[in-house]
There are 2 protein chains.
Amino acid sequence: MARTGRPREFDRDKALDAALTLFWELGYEPTSLNQLKACMGNISPASFYAAFGSKEALFREVVQHYLATYGQVMAPLWDETLSPRDAIEQTLRRSARMQTARTNPTGCLIVQGACNCSPENQPVQTLLAAERKRNRNGIKACVERAVTNGDLTKSAATDTLPALFTTFLHGIACEAKDGDRVKTLDAAITTLMHVWDSLAMKPGSASSSR
Amino acid sequence: MARTGRPREFDRDKALDAALTLFWELGYEPTSLNQLKACMGNISPASFYAAFGSKEALFREVVQHYLATYGQVMAPLWDETLSPRDAIEQTLRRSARMQTARTNPTGCLIVQGACNCSPENQPVQTLLAAERKRNRNGIKACVERAVTNGDLTKSAATDTLPALFTTFLHGIACEAKDGDRVKTLDAAITTLMHVWDSLAMKPGSASSSR
DNA sequence: GTATTTCTGGATTGATTAATATTGAAGTCT
DNA sequence: AGACTTCAATATTAATCAATCCAGAAATAC
């Protein structure tokens, strides 16, 4: 699309990737523009602001990029070809694997990217909080779908499942950043899913619908 | 103990309390010395450094104060008069209640107090990481005690319990900060404890030992 | 070739950061 | 009373923050 004028000398996509890594490691506020410009290929302030607008605008773009790539571990939640149980299990397992992988920073940009924020950067905090709410809603929708399906019989216990799974999901970020192994988390997920299974077989209906 | 010289004009304990609240709300780095001095009674820089040494020294003192008060919700983990199951359940419930109370900031200082940190403040991050490790060890010790007691029969599943409960515990901080109600979390804890109970009754022995 | 457009490099902006120095007031001890 | 000790207010330190400006370089359009 670049029509006229002098072409950019650095690779915008690579710069965005580098910024993602830095934001992921340090979080929004501690990441300084100097560090960003350095890791993005020693670009000048003018180049930076021409290409990305501002630190906050860059971060928003970084979050979108994260959601479109690493964040896709959450996709099973909205994949209705999966059973609700498999959707949640896969989401947990893929999150644990992604957040502990050695190919990227540990932990979760959405949970930890703007954890310590000055009031003036509340918009950034709000942006990530909205994504976490999306996670919550996705898990809740899965549980409700299971009730509609007949996989689960609605009860006081099924009402607690969304908070249970969401709290565990978001807790993975802390454990991953603290050095937990994927094996450890995976095993915990296996045990956690027993909660679902014991609720699924408890009431009358012999076998699940799908 | 104040022997001689002009006595301090501000209340050191109240100042520490105010600093705790501010650090709890914002985290370590975004909390500026100006904000601290203001909330501590408009004290001067000289007074601040004379009384507390530095920002980091103040934070360390704040963390100790937190652990000695709010952090006592974790005490059941090391209370051997409680059954291991009750110790973990009480810890979870008291954490959820404390972190959602309207009398103090939401979330957890240990989990979220230094989440976004520049490399130069790594000592602060390390301080909190060590406390989180203490939580992990406490939960693990409870599970191991249950196995020794005979409350639980050692199996692949019991090996996963420490990570399961710890991940949930640390996840509470995120959910509390995002506005979850204590009722919601409490209900989720009830369901989570079913994991323990189903493991406890599964193997042979009819009733628990104590 | 000339005009136009867009990028880059370097210098600089004002605000804010944590921390220190100086100075004088306010207290205790003998 | 007078020596001594500790505090607090003001001013200031150097460093860093995100962001802007300006001049020159490099490309395209006509």
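What counts and how
Residues numbered from 1 in each chain as written. Chains lettered and ligands numbered in written order. Predicted model: local features only at pLDDT ≥ 70, side-chain atom pairs only at ≥ 80, totals over all residues. Heavy atoms only, no water. Helix = DSSP H or I, 4+ residues; strand = E, 2+ residues; numbered from the N terminus. Buried < 20%, exposed > 50% of the residue type's maximum accessible area, 1.4 Å probe, protein only. pLDDT = per-residue confidence, 0-100. Contact = heavy atoms within 4.5 Å. Polar contact = N/O pair within 3.5 Å; in protein donor to acceptor, adjacent residues only side chain to side chain. Core = buried A, V, L, I, M, F, W, Y, C linked by side-chain atoms within 4.5 Å. Disulfide = S-S within 2.5 Å. Near = heavy atom within 4 Å. Nonpolar A, V, L, I, M, F, W, Y, C, P; charged D, E, K, R; others polar. Expected span 1.5 Å × (residues − 1).

### Focus on the side chain of Glu175(B)
Assignment of secondary structure puts Glu175(B) in helix α8 (residues 156–177). A residue is classified by how much of its surface remains accessible, and Glu175(B), at 1% relative accessible area, is buried.

### A short note on the confidence of the model for chain A
Residues shown with low pLDDT carry predicted positions that ought not to be read at fine detail. Residues and elements named next belong to chain A. In the predicted model, chain A carries a mean pLDDT of 93, and 94% of its residues have values of at least 70. The low-confidence segment residues 204–210, where pLDDT is below 50, has seven contacts with residues more than four positions distant or belonging to other chains. For this predicted complex, the interface score ipTM comes out at 0.92, alongside a pTM of 0.93.

### Side note on the side chain of Asn121(B)
Residue and element names in this part refer to chain B. Tracing the chain through its elements places Asn 121 in the loop between α6 (109–112) and α7 (122–149). On the basis of relative accessibility, which here comes to 13%, the residue Asn 121 falls in the buried class. Polar contacts involving the side chain of Asn 121 include one to the side chain of Glu 29, which spans 2.7 Å. If sequence neighbours within four positions are ignored, Asn 121 has contacts with Tyr 28 and Glu 29.

### A look at the nonpolar core
Within the largest apolar cluster, 125 residues are counted, with the highest numbers of intra-cluster contacts made by Leu58(A), Leu92(A), Leu58(B), Ile88(B) and Leu92(B). What Leu58(A) contacts, discounting residues up to four positions off in sequence, is Leu16(A), Ala19(A), Phe23(A), Leu36(A), Met40(A), Phe48(A) and Phe52(A).

### Re the state of the cysteines
Under the defined criterion, the tally for this structure stands at zero disulfides over all chains. Cys39(A) forms no disulfide, and the closest cysteine sulfur to it belongs to Cys117(A), at a distance of 19 Å. Here Cys39(A) falls in the partly exposed class, since its relative accessible area comes to 33%. Note on Cys115(A): no disulfide assigned, nearest cysteine sulfur contributed by Cys115(B) at a separation of 3.7 Å.

### Details of the environment of Met193(A)
All names here are of chain A. Locating Met 193 in the fold gives a position in helix α9 (residues 182–201). You can call Met 193 buried: its relative accessible area is 1%. The spatial distance from the C-alpha of Met 193 to the C-alpha of Phe 165 is 9.3 Å, given a sequence separation of 28 residues. In this structure Met 193 touches Arg 85, Glu 89, Leu 92 and Phe 165, once residues within four positions along its chain are discounted.

### Regarding the protein's contact with DNA strand D
Of all residues adjacent to DNA strand D, which total 24 residues, the nearest are Leu33(A), Tyr49(A), Lys55(A), Glu9(B) and Ser47(B). Sugar and phosphate atoms constitute 69% of the interface atoms of DNA strand D, taking the interface as everything within 4 Å of the protein. A distance of 3.4 Å is found between a phosphate oxygen of DNA strand D and a side-chain nitrogen or oxygen belonging to Asn34(A). A distance of 3.0 Å separates a phosphate oxygen of DNA strand D from a polar atom in the side chain of Tyr49(A). Taken together, the elements giving at least two residues each to the surface near DNA strand D come down to α2 (33–39) and α3 (45–52) of chain A together with α3 (45–52) of chain B. Residues of the surface near DNA strand D, tallied by class, amount to eight nonpolar, ten polar and six charged.

### Structural notes on helix α1 (residues 12–26) of chain B
All names here are of chain B. Compared with the 21 Å implied by 1.5 Å per residue over 15 residues, the 21 Å span of α1 between its first and last C-alpha is a close match. If you check which residues of α1 are buried, you get Ala 15, Leu 16, Ala 19, Leu 20, Leu 22, Phe 23, Trp 24 and Leu 26. Summarising the contacts, the buried residues of α1 are in contact with α2 (33–39), α3, α4 (55–68), α5 (84–100), α6 and α8. With a side-chain oxygen lying 2.9 Å from the backbone nitrogen of Asp 13, the N-terminal cap of α1 falls on Asp 11. Gly 27 sits one or two residues past α1 and shows a positive phi near 95 degrees.

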